[in-house]
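Secondary and tertiary structure notes
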Amino acid sequence: MGFRVRKSFKIAPGVRMTVTPKSLGLSAGVKGARISTNTSGRVTRTLSVPGTGISHVSSTTSRSGNRTPARTGARSAAIAAPAVSPKAPVPGLFAPKWEKELHKALIAKPDATELARIGSQFEQARPLAALFEVVRGAIPSGDNHRAVELIGWLFGTGYDPAKDAFVTKYLPDHGFRLAIADGIEVSLPLDRDYIGLMLAELQQDAGDLASAVDVVEQLEPSTVTAVSLAELYAELERWDEVVDLTDGLTNEDEAATYLLIQRGIAFREQDFFDAARESFKEALRIRSRPAELRQRALIERGLTYLSEGKRAMARKDFEKVLSENSAYPGLREHLANFQD
C-alpha cells in the first residue's frame, strides 16, 4: 500500500487542480465537505467530522455523459444522505430482518441512534453496527470511551469488514480517510487494517501508546502502518526501532518524507548528528512535497543544528519556515533563542 504520485495546484480559494499520470482533476469545497472530479469521469465526495481525523469518501463514475450513482454510501451522522439510487441493491422481500434494518440505518435512511439497538438485537449485524456506531455516533459526539470500547471489542474478535457479505453486497465502494500522523492522511477501504489503525489512533489520543503500538504491530506491514508505528515509537522514544523501521528509505512519496523526518529525529536524539542531517537532507530533496512536511523537516533540522551548536545554520532553517508560515507552532519560541 502506498501513496499515489500527483501534483496539486491551488487555482482559487477552496479550489485545487490535481494532475496524475492518468488524469486531470479539480476539487472544491470547505472544511468538512469537498467534491472532486477528474477527466476519467470519477466524482468523489468527501465528508469529514472536523477534529476527529475520520471522514467518509464515496465515488461515482460517469460514462458517455451519464453519471452512474455509486452502489451505496454511508454519510456522516451530521449530514443528510440522498435517497438510495434505484440501481443500488436493496434487501429483497425474503431478506432476513437484521439485513433490512441494518440497510435502512446505514444506507436508506441513515440513523446512527438505531445502530446500538440493531447490534444488540441481531448477532449477525453486531460487528458492522458497532463499527458505524463508532464512526457516526461515538466519535462525532466526542464519546471516545465508547469508541475505544466498541472498536477494541471489534478488533479483538478478528472481524474483517472486507469479508462481510453485507459490505460486499451493499457497500462495495465504501471507504474512509484517516489521519495517521501529522500531515499524513490516507484513504482506506473497509477492512481489518482500517479498524486497527482507527483503534490505535483512539488509544494514542487517550495516551495509551503501548496498546496502540501492540495493535499496529499486528497489522499487515505497509507504508501506512510504518508511518503510524514511526510516530508511536517516536512518542515512546524508542529511537532504535524508528531507525530499524526506516532503514534503506528514499524519498519516494509523502509517507517516505514523513518517515525520513522521524529517522532524522531518532538519530539526533542519539547524538548521531551527521546521520540526522543526511536524513533531513533526503526529506527536503523533493521540493514538491506538502508544505507542512517540508516545514517540519526544516524545523527538526534547525533543532539538530542547535544541538550541535551551529546557531547560524539553525536560524537559517527557522527563518525559511518563518517566510512561509509565520504561525508555525513553536516557531516563535525557536526564534527567541536568537534574540539578544
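A brief structural summary. (Residues numbered from 1 in each chain as written. Predicted model: local features only at pLDDT ≥ 70, side-chain atom pairs only at ≥ 80, totals over all residues. Heavy atoms only, no water.)

1. As for helix H13 (residues 311-324)
In a regular helix each residue adds 1.5 Å, so 14 residues correspond to 20 Å; H13 covers 20 Å between its end C-alpha atoms and thus fits that length. Buried positions along H13 lie against helix H12 (291-308) and helix H14 (331-336). (Helix = DSSP H or I, 4+ residues; strand = E, 2+ residues; numbered from the N terminus. Expected span 1.5 Å × (residues − 1). Contact = heavy atoms within 4.5 Å.)

2. Some words on the side chain of threonine 304
Topologically, threonine 304 is positioned in helix H12. The exposure class assigned to threonine 304 is buried, which follows from its relative accessible area of 0%. Side-chain polar atoms of threonine 304 contact the backbone oxygen of glutamate 300, separated by 2.9 Å. Excluding anything up to four places from it in sequence, threonine 304 contacts Arg268, Phe273, Ala276, Arg277 and Phe280. (Buried < 20%, exposed > 50% of the residue type's maximum accessible area, 1.4 Å probe, protein only. Polar contact = N/O pair within 3.5 Å; in protein donor to acceptor, adjacent residues only side chain to side chain.)

3. So, the environment of alanine 116
Secondary-structure assignment places alanine 116 in helix H2 (residues 115-121). Accessibility expressed as a relative area gives 36% for alanine 116, which makes it partly exposed.

4. Structural notes on the packing of helix H3 (residues 126-138) against helix H6 (residues 192-205)
Where H3 contacts H6, the axes come no closer than 13 Å and their chain directions differ by 45 degrees. The angle between H3 and H6 places the two elements in the oblique class. Between H3 and H6 the crossing geometry is left-handed. Seen from H3, the contacting residues are Leu131, Val134 and Val135; seen from H6, they are Tyr194, Ile195 and Met198. (Axes fitted to C-alpha atoms, helices over the stretch in contact; angles between N-to-C directions. Parallel < 35°, antiparallel > 145°, perpendicular 65-115°, else oblique. Left-handed = near helix turned anticlockwise from the far one by under 90°.)

5. Structural notes on the packing of aromatic side chains
Applying the stated criterion across every chain, the model contains four aromatic pairs. Ring geometry for phenylalanine 166 against tyrosine 170: centres 4.7 Å apart, planes inclined by 50 degrees, an arrangement best described as tilted. Placement of the pair is phenylalanine 166 and tyrosine 170 together in helix H5 (residues 165-170), with a separation of four residues, close to one helical turn. Residue classification places phenylalanine 166 among the buried residues on the basis of a relative accessible area of 3%. A relative accessible area of 0% means that tyrosine 170 is categorised as buried. Here a set of aromatic residues connected by ring pairs shows up, and it is made of Trp98, Phe166 and Tyr170. Lying across the ring of phenylalanine 155, arginine 192 places its NZ or CZ 4.0 Å from the centre. (Phe/Tyr/Trp six-rings, centres within 6.5 Å; stacked < 30°, edge-to-face > 60°. Lys NZ or Arg CZ within 6 Å of the ring centre and 35° of its normal.)

6. Considering the pairing of strand S9 (residues 184-189)
Because side chains alternate across S9, one face comprises the buried residues Ile184, Val186 and Leu188, and the other comprises Glu185, Ser187 and Pro189, none of which is buried. Summarising the sheet, strand S8 (residues 175-181) and S9 pair through six bridges and their orientation is antiparallel. Following the sheet pairing, leucine 178 is matched in S9 by valine 186. (Pairing = 2+ DSSP bridges.)

7. Some remarks on the packing of H3 against helix H4 (residues 144-156)
The interhelical angle for the contact between H3 and H4, taken along N-to-C directions, is 155 degrees, at an axis separation of 9 Å. With respect to each other, H3 and H4 are oriented roughly antiparallel. With respect to the hand of their crossing, H3 and H4 are arranged in left-handed fashion. Contacts from Arg126, Pro127, Ala130, Leu131, Glu133, Val134 and Ala138 of H3 reach H4 at Arg146, Ala147, Leu150, Ile151, Trp153 and Leu154. Of the residues that constitute the contact of H3 with H4, the class distribution is 10 nonpolar, no polar and three charged. (Nonpolar A, V, L, I, M, F, W, Y, C, P; charged D, E, K, R; others polar.)

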